[in-house]
Amino acid sequence: MTVSEAVSVSAPGSVELAGDLEVPPSARGVVLFAHGSGSSRHSPRNRAVAEALRRNGWATLLMDLLTEGEEQSDAVSGEFRFDVALLGERTATAVDWLAKYPATDALPVHLFGASTGAAAALVAAAERPDRVVSVVSRGGRPDLAGDALGRVRVPVLLLVGGRDEHVLELNRKAAEELPETHRVQVVPGATHLFEEPGALEQVAAAARDWFLRAADAGPG
């Protein structure tokens, strides 16, 4: 029986972060989605990827890294969207939450980050090497993870649209700082939001294969 429920993750500072958790029977692992600036757990692109992953036996947790009040403030001031330290801390807190929640406590954790959420995912991977198995970035800004890049010890896949030239260059430079197995994979013809026909399907297939390889490889 599939577990499907709205959850709340308690973060430092007495903050409650909303999330949507779905765990299919005999799940092979759980994928935590870290959303980028101006987005949320309701992102149609990440939800499409999450649905494809669930069809292949993965549990998913789509969660907000900002509260509703913070999102409203950020829409005006932009004060939170590039606060990667805060976003990374909250992503790591969600990793800890998954380790304690009954439906996911036995499942290995993989991270999927988009835009600035990719930087948050990499920071969390560096901070939780004993729990995070791999990371996938979609149109991400891994460069914003700073010195955390050199501390990541899990395989990282950086997916970038072929027409997203500036972000592609940023990803290639950031990849040079990653010490572990990594790949920069270009989705031909795709722009930053992967809105072109078939682009998201390519993202979902690449993420699925990356997570599978990392899971099969096991720790270390």
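Residues numbered from 1 in each chain as written. Predicted model: local features only at pLDDT ≥ 70, side-chain atom pairs only at ≥ 80, totals over all residues. Heavy atoms only, no water.

### Describing the sheet that holds strand S1 (residues 3–11)
Either a parallel or an antiparallel arrangement is found when strands of a sheet pair, and the pairing is made through backbone hydrogen bonds. For clarity, the threshold we go by: When DSSP locates at least two bridges between a pair of strands, those strands are taken to pair. We count a stretch as a helix when DSSP gives it H or I for four or more residues in a row; a strand needs E for two or more, and each element gets its number in order from the N terminus. Axis lines are fitted through C-alpha atoms, for helices just across the contact stretch, and the angle between N-to-C directions can take any value from 0 to 180 degrees. Working rule for contacts: check all heavy atoms of both residues, and any pair within 4.5 Å makes them a contact.
Reading across from one edge, S1-S2-S4-S3-S5-S6-S7-S8 is the order of the eight strands in this open sheet, with mixed pairing throughout. Strands at the two margins of the open sheet, each flanked by one partner only, are S1 and strand S8 (182–187). Ignoring which end each strand starts from, the neighbouring axes of this sheet average 20° apart. Sheet topology note: the strand S3 (residues 30–34)/strand S5 (residues 109–114) ladder contains five bridges and is parallel. When the sheet's bridge partners are listed, Val-31 is paired in S5 with His-110. Contacts from helix H3 (residues 84–100) reach S1, strand S2 (15–23), S3, strand S4 (59–63), S5 and strand S6 (132–138) within the one sheet, and its direction differs from that of S1 by about 125°.

### Quick look at the pairing of strand S7 (residues 156–161)
Condition: For every residue, the accessible area obtained with a 1.4 Å probe (protein chains only) is divided by the maximum for its type, and the residue is called buried under 20%, exposed over 50%, and partly exposed between those limits. The handedness of a crossover follows from its direction of travel: if, with the strands pointing away from the viewer, the path from the first strand over the helix to the second runs clockwise, the crossover is right-handed.
With six of its six residues buried, S7 lies for the most part within the structure. Residues Val-156, Leu-158 and Val-160 point to one face of S7 and Leu-157, Leu-159 and Gly-161 to the other, with burial holding for every one of them. Where S7 lies against S8, six bridges are found, and the strand directions are parallel. Following the sheet pairing, Val-156 is matched in S8 by His-182. Once the chain exits S7 it traverses helix H5 (residues 165–175) before rejoining the sheet at S8, and the crossover so formed is right-handed.

### Here we look at H5
Each turn of an α-helix holds 3.6 residues, which means side chains three or four residues apart point in the same direction. Rules: This arc describes the spread of directions from the helix axis toward the C-beta atoms.
Every buried residue of H5 is accounted for by Val-167, Leu-168, Leu-170, Asn-171, Ala-174 and Ala-175. The buried residues of H5 occupy one face: seen down the axis, they fall within an arc of 160°. Among the exposed residues of H5, those pointing more than 90 degrees away from its buried face are Glu-165 and His-166. Those residues of H5 that are buried are in contact with S6, S7 and S8.

### Observations concerning the pattern of salt bridges
Going by this rule: The term salt bridge refers to a side-chain nitrogen of Lys or Arg lying within 4 Å of a carboxyl oxygen of Asp or Glu.
In this structure the tally under the stated criterion is eight salt bridges. Where Arg-54 meets Glu-22, a salt bridge forms, and the shortest distance between an N and an O atom there is 3.4 Å. With a gap of 32 residues between them, Arg-54 in helix H1 (residues 44–55) and Glu-22 in strand S2 connect regions that are remote in the sequence. Between Arg-128 and Asp-96 there is a salt bridge, with the nearest N and O atoms lying 2.8 Å from each other. Of the two residues, Arg-128 sits in the loop between helix H4 (116–127) and S6 while Asp-96 sits in helix H3, which places them 32 residues apart along the sequence. On the accessibility criterion, Asp-96 (25% relative accessible area) is partly exposed.

### Structural notes on the pairing of S4
In terms of residue burial, S4 counts as a mostly covered element, since five of its five residues are buried. Covered by surrounding structure in S4 are Ala-59, Leu-61 and Met-63 together with Thr-60 and Leu-62, the residues of both alternating faces. Both S2 and S4 contribute to a ladder of four bridges, which runs antiparallel. Residue Gly-19 lies in a different strand from S4, and its bridge partner there is Met-63. Sheet topology note: the S3/S4 ladder contains five bridges and is parallel. Pairing of Val-31 across the sheet is with Thr-60, part of S4.

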